[in-house]
Amino acid sequence: GSSGSSGNAPKRPPSGFFLFCSEFRPKIKSTNPGISIGDVAKKLGEMWNNLNDSEKQPYITKAAKLKEKYEKDVADYKSKG
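Throughout what follows, the structure given in this document is the object of discussion. (Residues numbered from 1 in each chain as written. Predicted model: local features only at pLDDT ≥ 70, side-chain atom pairs only at ≥ 80, totals over all residues. Heavy atoms only, no water.)

### Some remarks on the environment of Arg12
Test applied: Only runs of H or I of at least four residues qualify as helices and only runs of E of at least two qualify as strands under DSSP, and these elements are numbered from the N terminus.
With respect to the element layout, Arg12 can be found in the segment before helix H1 (16-31). The spacing of Arg12 and Ser79 is 67 residues in sequence and 18 Å in space, taken between C-alpha atoms.

Set out below in structure tokens:
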């Protein structure tokens, strides 16, 4: 069981794009050593925009599941007061 962390509201779930970023950021950094944060973000944005719907789907599905869990956690949190 979890203990000691009462009083902390559930964290907002990441978006599909955020999940995509966390997966691809290390790959971009390894192929572009010394790249700046801003350029990494720009590249991730371009890559995401170039994905078709079926390629984005796994990330969006995962994000939706995390959002469902988040909403449930919030409801539990509120009911505990």
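### A few points about the packing of H1 against helix H3 (residues 53-80)
Here is the rule we go by: All axes here are fitted lines through C-alpha atoms, helices being fitted over the stretch that makes contact, and every angle between N-to-C directions spans 0 to 180 degrees. For any pair of crossing helices, the crossing counts as left-handed if the nearer helix is rotated counterclockwise from the farther one by less than a right angle, and right-handed if it is rotated clockwise. Residues are treated as being in contact if the distance between any of their heavy atoms lies within 4.5 Å.
As a packed pair, H1 and H3 sit with axes 8 Å apart at the nearest point and diverge in direction by 115°. As H1 packs across H3, the resulting crossing turns out to be right-handed. Facing Gly16, Leu19, Phe20, Glu23 and Phe24 of H1, the residues of H3 in contact are Tyr59, Ile60, Lys62, Ala63 and Leu66.

### What to know about the pattern of salt bridges
Definition in use: The working definition used for a salt bridge is a side-chain nitrogen of Lys or Arg within 4 Å of a carboxyl oxygen of Asp or Glu. Working definition: with a 1.4 Å probe on protein chains only, accessible area under 20% of the residue-type maximum means buried, over 50% means exposed, and in between means partly exposed.
Applying the stated criterion to the full structure yields 4 salt bridges. Glu71 is paired through a salt bridge with Lys67; the nearest N and O atoms lie 2.8 Å apart. Pair noted here: Glu71 and Lys67 are both in helix H3, with a separation of 4 residues, about one helical turn. The partly exposed category is assigned to Glu71, whose relative accessible area is 42%. For Lys72, the salt bridge goes to Asp76, with nearest N and O atoms at 3.6 Å. With Lys72 and Asp76 both in helix H3, this residue pair falls 4 residues apart, about one helical turn. Taking relative accessible area as the criterion, Lys72 reaches 53% and is therefore assigned exposed.

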